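Here are the chains, one letter per residue:
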Amino acid sequence: MEPKIKETAWNPEIEKQILKQWEDSHTYEFKPQGEVFVIDTPPPYPSGRPWHIGAAAHYAQIDMIARTARMTGKNVLFPIGIDRNGLPVEMYTEKKHGIRMHETDRAEFLKLCATALDDLEAEMIQIMKNLGLSGNFSEYYRTDSEQYRSLTQATFIELWKKGLVYIANRPNNYDWITGTTIADAEIIYEEIPTKLVYMKFKIKDSDKNLTIASTRPELLCACQAIIVNPEDERHSDVIGKNAIIPVINREVQVRTHPSAEKEFGSGAVMVCSYGDQNDVALFRELKLQEIVAIGKNGRMTEVAGPYAGLKVKQAREKIIEDLQNQNLVEKIENINHRTPISERSKAPIEIIPMEEYYLKQKESVEKIKELGSKIVFHPAMHKQILMNWLESITIDWPISRRRFYGTEIPIWYCKKCSEPHVPEPGKYYKPWTDPSPISKCTKCGATEFVGEERTFDTWMDSSVSPLYVSKYSRDDEFFKKTYPTTIRPQSKDIVRTWLYYTILRCEQLTGLTPWNEAWIMGYGVDEHGTKMSKSKGNVIDPLPVIQKFGADTFRFWSASEINLGYDFRCSEQKIETTKKFLSKLWNISRFLSGFPVIKSAKTTPTDNWILSELDKMVAECKKGFDDYNFFVPSTSIREFTWNLFAAHYIEMVKGRAYSSSFSEEERDAAIFTLHKVLSTLLLLLAPITPFITDYLWQTLYSDKTVHKEKFPQSENREDWTRFTKTITEFNSNVWNKKKELNLSLKDSIEMNIPGELQQFAKDLQAMHNLTS
RNA sequence: GGGUUCAUAGUCCAGUUGGUUAUGACGUCGCCCUUACACGGCGAAGAUCCAGGGUUCAAAUCCCUGUGGACCCA
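Each chain carries its own residue numbering, running from 1 in the direction its sequence is written. Think of it this way: whatever chain is written first is A, whatever ligand is written first is 1, and the rest follow in order. Where local features are concerned, this predicted model is filtered to residues with pLDDT of at least 70; where side-chain atom pairs are given and counted, the filter is 80 or more; whole-chain, interface and lining totals use all residues. Only heavy atoms go into the side-chain values, all of them from the structure, while hydrogens and water stay out.

Novice: Can you help me understand the overall build of chain A in this one?
Specialist: By the criteria applied, helices consist of DSSP H or I runs no shorter than four residues and strands consist of E runs no shorter than two, each listed in order from the N terminus. Looking only at helices and strands, one finds 22 helices and 25 strands in chain A. Projected onto its principal axes, the C-alpha coordinates of chain A cover approximately 115 × 65 × 45 Å. Burial statistics for chain A: of 772 residues in total, 55% are counted as buried. By sequence separation, contacts in chain A at least 24 residues apart represent 76% of the contacts at least 6 residues apart. The Shrake-Rupley method, run with a 1.4 Å probe, gives the accessible areas here. Residue values count only the displayed protein chains as cover. Looking at chain A as shown, the accessible area adds up to about 34200 Å², and 47% of this sits on carbon and sulfur atoms. Charge assignment: positive for Lys and Arg, negative for Asp and Glu; neither His nor the chain ends contribute. The atom standing in for a charge is NZ when the residue is Lys, CZ when it is Arg, CG when it is Asp and CD when it is Glu. Within chain A, one finds 100 positive and 105 negative side-chain charges whose respective centroids are separated by 1 Å. Three labels apply to residues, based on accessible area from a 1.4 Å probe with only protein chains included: buried if under 20% of the type maximum, exposed if over 50%, partly exposed otherwise in between. The criterion used for residue contact is that any of the two residues' heavy atoms lie within 4.5 Å.

Novice: Can you help me understand the pattern of salt bridges in this one?
Specialist: Opposite charge on two side chains makes pairing possible when the charged atoms of those side chains draw close. Basic side-chain nitrogens of Lys or Arg form a salt bridge, by our definition, when they fall within 4 Å of a carboxyl oxygen of Asp or Glu. Under the defined criterion, the tally for this structure stands at 40 salt bridges. Note that Lys20 and Asp24 form a salt bridge whose closest N and O atoms lie 2.9 Å from each other. Highlighted residues: Lys20 and Asp24, both in helix H1 (residues 14-24), separated by four residues, approximately one helical turn. We note a salt bridge from Glu333 to Lys331, for which the minimum N-O separation is 3.4 Å. By relative accessible area, which is 29% here, Glu333 ends up partly exposed.

Novice: For this particular structure, what's the right way to read the protein's contact with RNA strand B?
Specialist: Residues are counted as near a molecule or strand when any one of their heavy atoms sits within 4 Å of it. Surveying the vicinity of RNA strand B reveals 39 residues, the closest of which are Arg338, Arg496, Tyr658, Ser732 and Lys739. If you look at RNA strand B and keep only atoms within 4 Å of the protein, 69% of those are sugar or phosphate atoms. Measuring from a sugar or linking oxygen of RNA strand B, one finds a side-chain N or O atom of Asn587 at 3.1 Å. For the purposes of these results, a polar contact is taken to be a pair of N or O atoms within 3.5 Å, where, inside protein, one atom must be able to donate a hydrogen and its partner to accept one; residues adjacent in sequence count only when each atom of the pair is a side-chain atom. Between RNA strand B and Ser732, the relevant distance is 2.3 Å, taken from a phosphate oxygen to a side-chain nitrogen or oxygen of the residue. Each residue is assigned to one class: nonpolar for Ala, Val, Leu, Ile, Met, Phe, Trp, Tyr, Cys and Pro, charged for Asp, Glu, Lys and Arg, and polar for all the others, Gly among them. Taken together, the residues of the surface near RNA strand B break down into 14 nonpolar, 11 polar and 14 charged.

Novice: Hey, could you run me through the packing of aromatic side chains in this one?
Specialist: Think of a pair of aromatic rings as described by two things: how far the centres are apart, and how the planes are tilted against each other in angle. Any pair of Phe, Tyr and Trp rings, taking the six-membered ring for Trp, is counted once the centres come within 6.5 Å. Such a pair is stacked with planes under 30 degrees apart, edge-to-face with planes over 60 apart, and tilted for the rest. For the structure on display, the rule yields 37 aromatic pairs. On the numbers, 5.4 Å between centres and 80 degrees between planes, the contact of Phe591 with Phe595 is edge-to-face. Using a relative accessible area of 10% as the deciding quantity, one classes Phe595 as buried. An aromatic cluster is present here, built from Phe156, Trp160, Tyr357 and Phe456 joined pairwise through their rings. Counted as over-ring charges are cases with an Arg CZ or a Lys NZ within 6 Å of the ring centre that also lie within 35 degrees of the ring normal. Seen from the ring of Trp22, Arg67 lies directly overhead, with NZ or CZ sitting 4.9 Å from the centre. For the cation-ring pair, Arg474 lies above Tyr468, with the distance from its terminal atom to the ring centre recorded as 4.5 Å.

Novice: I'm lost on the environment of Arg403 in this one. Help?
Specialist: Following the sequence through the fold, Arg403 ends up in the loop between strand S17 (400-401) and strand S18 (412-414). Sequence separation of Arg403 and Thr178 is 225 residues, and the distance between their C-alpha atoms is 8.2 Å. Ignoring anything within four residues of it in the chain, the contact list for Arg403 reads Leu87, Glu90, Met101, His102, Arg106, Thr178, Thr180, Glu453 and Thr455. A polar side-chain atom of Arg403 sits 2.5 Å from a polar atom in the side chain of Glu90.

Novice: Any chance you could explain empty space enclosed by the protein here in plain terms?
Specialist: Empty pockets left among the atoms are what a rolling probe the size of a water molecule brings to light. A pocket, in this scheme, is an open set of points on a 1 Å grid over the protein atoms alone with protein on both sides within 12 Å along at least 5 of 7 lines, while a cavity is a set where a 1.4 Å probe fits but cannot get out; residues line either one if an atom lies within 4 Å of a point. Grid points are joined across faces, edges and corners, and a volume is the space filled by probe spheres set on the points. Following the criterion strictly, the structure yields three cavities of 30 Å³ or more and no others. Taken together, Pro46, Gly48, Arg49, Pro50, Trp51, Leu120, Glu123, Met124 and Ile127 make up the full set of residues lining the second largest cavity. By residue class, the composition of the lining of the second largest cavity is six nonpolar, one polar and two charged.

Novice: How should I be thinking about the packing of helix H15 (residues 551-561) against helix H20 (residues 690-700) in this particular structure?
Specialist: Axes are the key here: two packed helices are described by the angle between their axes and the distance separating the axes. Here an axis means a line fitted to C-alpha atoms, over the contact stretch when the element is a helix, while the angle between two N-to-C directions is reported on a 0 to 180 degree scale. Relative to each other, H15 and H20 sit at 120 degrees, their axes nearing to 7 Å. What the angle tells us is that H15 and H20 run oblique. Along the contact surface, H15 presents Ala551, Asp552 and Arg555, while H20 presents Pro690, Phe691 and Ile692. For the contact of H15 with H20, a count of residues per class yields four nonpolar, no polar and two charged. When an angle is under 35 degrees it counts as roughly parallel; over 145 it counts as roughly antiparallel; between 65 and 115 it counts as roughly perpendicular; any other value is oblique.

Novice: Help me out: how do you make sense of the sheet that holds S18 in this one?
Specialist: Note on sheets: strands pair through backbone hydrogen bonds, and any given pair is parallel or antiparallel. Whether two strands pair depends on DSSP finding at least two bridges between them. As summarised here, the arrangement of the three strands in space is S19-S18-S20, forming an open sheet in which the pairing is antiparallel. What marks the edges here is a single partner per strand, and that holds for strand S19 (420-421) and strand S20 (449-451). Where S18 lies against S19, two bridges are found, and the strand directions are antiparallel. If you follow Trp412 over to S19, its bridge partner there is His421.

Novice: It is not clear to me how the state of the cysteines should be interpreted in this structure. Could you clarify?
Specialist: Covalently bonding the sulfur atom of one cysteine to the sulfur atom of another cysteine gives a disulfide. Criterion for a disulfide: a pair of cysteine sulfur atoms at a distance within 2.5 Å. Within the structure shown, the criterion is met by zero disulfides. Its sulfur unpaired, Cys221 is 8.1 Å from the next cysteine sulfur, which belongs to Cys272.

Novice: I would appreciate a short explanation of the sheet that holds strand S6 (residues 180-181) in the present structure.
Specialist: Across the sheet, which stays open at both edges, the four strands sit in the order S6-S5-S14-S16 with antiparallel pairing between neighbours. Strand pairing shows two members of the sheet lacking a second neighbour, S6 and strand S16 (397-398), which therefore form its edges.

Novice: How do you make sense of the environment of Glu355 when you look at a structure like this?
Specialist: Topologically, Glu355 is positioned in strand S14 (residues 350-359). A relative accessible area of 51% places Glu355 in the exposed class. C-alpha separation for the pair Glu355 and Asn169, spaced 186 residues apart in sequence, amounts to 4.2 Å. Not counting chain neighbours up to four residues away, the residues in contact with Glu355 comprise Ile167, Ala168, Asn169, Arg402 and Arg454.

Novice: Whenever I open this one, the nonpolar core confuses me. Can you help?
Specialist: Most often, soluble globular proteins keep nonpolar side chains buried together rather than apart. Grouped together as the largest cluster of nonpolar side chains are 116 residues, with contacts concentrated most on Phe554, Trp609 and Phe645. The greatest single-element share of this core, amounting to 12 residues, is contributed by helix H2 (residues 53-71). Residues in contact with Phe645, not counting those within four places in the same chain, are Ile588, Ile610, Phe640, Ile650, Leu674, Val677 and Leu681. Take the buried Ala, Val, Leu, Ile, Met, Phe, Trp, Tyr and Cys residues and link them wherever side-chain atoms come within 4.5 Å; each set so joined is a nonpolar core. Core analysis: the second largest hydrophobic core is formed by 53 residues, Leu77, Ile411, Tyr472 and Trp515 among them.

Novice: Would you take a moment to explain the packing of helix H19 (residues 664-685) against H20 for this structure?
Specialist: Where H19 contacts H20, the two axes come as close as 9 Å, and the packing angle between them is 145 degrees. The hand of the H19/H20 crossing is left-handed. From H19, Leu678, Ser679, Leu682, Leu683 and Leu685 reach across to H20, where they touch Thr693, Leu696, Trp697 and Leu700. Of the residues belonging to the contact of H19 with H20, the class tally is seven nonpolar, two polar and no charged. Working rule for handedness: look at the near helix, and if it is turned counterclockwise from the far one by less than a right angle, call the crossing left-handed; if clockwise, right-handed.

Novice: I'm lost on the confidence of the model for chain A in this one. Help?
Specialist: Any region with low pLDDT has predicted coordinates that should not be read closely. Across chain A, pLDDT averages 89, with 97% of residues at or above 70. Interface confidence in the predicted complex, given as ipTM, is 0.91; pTM for the same model is 0.86. Every residue carries a pLDDT, the predictor's confidence in it, which falls somewhere between 0 and 100.

Novice: Would you explain helix H6 (residues 277-286) in this entry?
Specialist: For the α-helix, the turn length of 3.6 residues means that residues three or four positions removed from each other point alike. Buried residues of H6: Asp279, Val280, Leu282, Phe283 and Leu286, and no others. Each buried residue of H6 lies within a common arc of 165 degrees when the element is viewed along its axis, so the set occupies one face. Along its buried surface, H6 packs onto strand S5 (165-175), strand S9 (223-228), strand S11 (251-256), strand S12 (268-272) and S14. With its phi angle positive at about 55 degrees, Lys287 sits one or two positions after the end of H6. This arc corresponds to the set of directions leading from the helix axis out to the C-beta atoms.

Novice: What's the story with helix H3 (residues 87-97) in this structure? I'm lost.
Specialist: Burial in H3 covers these residues: Leu87, Val89, Glu90, Thr93 and Glu94. One face of H3 carries all of its buried residues, which in axial projection span an arc of 170 degrees. Contact partners of the buried residues in H3: helix H4 (106-130).

This is the structure in structure tokens:
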């Protein structure tokens, strides 16, 4: 019989035809019936070219989750969305057009942002399609669409009415480059070289000096207390006395507080509004009157006297100079200071009191711990990231931002009495340009309103993604069937933001968990283990890699390289060598395509042996699939296929399958077993490498797609795996012996088959041409 | 300072509840076209399982201490 498969290698070009076939026959259409499985897909952010190869690997794996669920008979909702709100596109647009957002017409600026996003988004969608994602592309959503933003606004209005939103004037993390308040989660810390200035403070009514070391001398004008450690004997004599602030010449009291470290500087610390978070805590605890020394423009305010109007850095230089001129500096040390900076703009953040909207979260912490404890994490260890974060929440969530490209806060203020009003939920509101939907102030009865100009923190949008995909408030029946959703896949760096905020918001709105499972992935790093970044030049563009090697190769690499939850290395060379496995699978199939498919047969010991090994592997794969850890099935399938099935079994039964000196029954048993193993392998590999498996499945076994099939089950066969070691060792011995004697593999040789292997003797004799 | 986590051949990685000679891949080096595959086959070299201590008849595996890295928090 002529082999059905002619080519000697898998051609990734075929992927395009298969993709079209899936699309034309709506292979992955979701029906909200039976057992449903809903994925809260992370909508990727098109922040620039190229898309991160680690992200592409991540989405390939999310698709494996979807396909795994389908192969266990579930109806899978795998939404595809694009996240389009937030700072990065604003910064990208500013740079691209050489403009400043706050100096540009708002409507004009928004248009430029949207255009920039469209281009980047198109490429992303193309990569996702090429990767073979079985998602719902026909209904892909954008977080800046009217429908999405109206949901964000509606959920805000709901929480507002529940009394969970308030305005407060509080010290805020402020990024003066981007001109906006930022949440704790957006702050990163960097070691920055800075001067630690030892300044001399005169003690009032005494000739004593107290030395205080600080990295922020420009905040002297905002100093309201000096603290020393109560156990620090060096300073016990000045406690309770007043010190005179150098240059400023104002008096402040010296107090004791345990947060003053004896080892740092001189042991005495000045408390200013606000040098760092510890200052904020001390002002609150000691009930000090705050002095606002730095303005929103990043310059010193009037209270700084001669330094008013200078930028923080300039003011620092100037005041150090003045201190030195007046002989008030003891010494200056150059140190590396761990400085909080804005994750986005990389500018040092300032702590400035500002009026912002807050969403209450402190009182939800216990409830979220309870929900969190019920969510199954894959891998389990990453639940700890959430729990640690919950432990450290101290303030409510500031949700307002002074930015343009985001969902507008739907509030109108009465022009007369400033009372805020929220409109009815369900529509998309743009208060900065829309006429007020409120006609009369509920407080004073006035009829003129002014719209809010600020937008929400982008996590306000992202945190309702499970509600959006399950059609919350849009389609009750659909929502009932799909919420809580099944699983949230995401990377581990945004557990404390996206994962946490989603649980918070969904709990506040529905009282339920957003999902039952969370699947947490590590980062993709380069081949040496360092983070990829544009500045280092070690970024790998996924598109050419996928075009060169094909999606299946990329996917199998992703599965076999990434151990769930751990960081993984990306190297083109590794991806290239993965291709060899697909080649192996292809050629095994090519060999089998020369034999008819036989549905049942009376198997021989050799057949029973490989079927028993197959059974064992199926059970192992199941464990991996159950945990959505594709490393487990991909590596065990590869090892079985290459090192047992191809290397030993196929070689052992080749003679029998070609039927030179065997009975018809024996021949059929070999052919039956060969097909049995291959078809099982194709089913197991279908979620990982959907293209090649579907092609081979349809060529060899069916006129229907493999992706409507179910996983094979372990058959609890009699265990023959105890022979594996002896068989492989015997084969190795023969090969070695022939090599020693300089014989070709087909030459005959005289060797004894060990007693244990007598039941396999006929196959072994034919395989090695034994004469004994 | 606290937490999570990691440490196994030149490189990457496996090692389930402790049990003979530590898994596989990449790379390297030999030999080989053998009727599925040279994108292949066979073989070889390459590991003080981070260090020290403890538990045990027995430790890569469990416990303690330390060192080094990654990430998070303060």
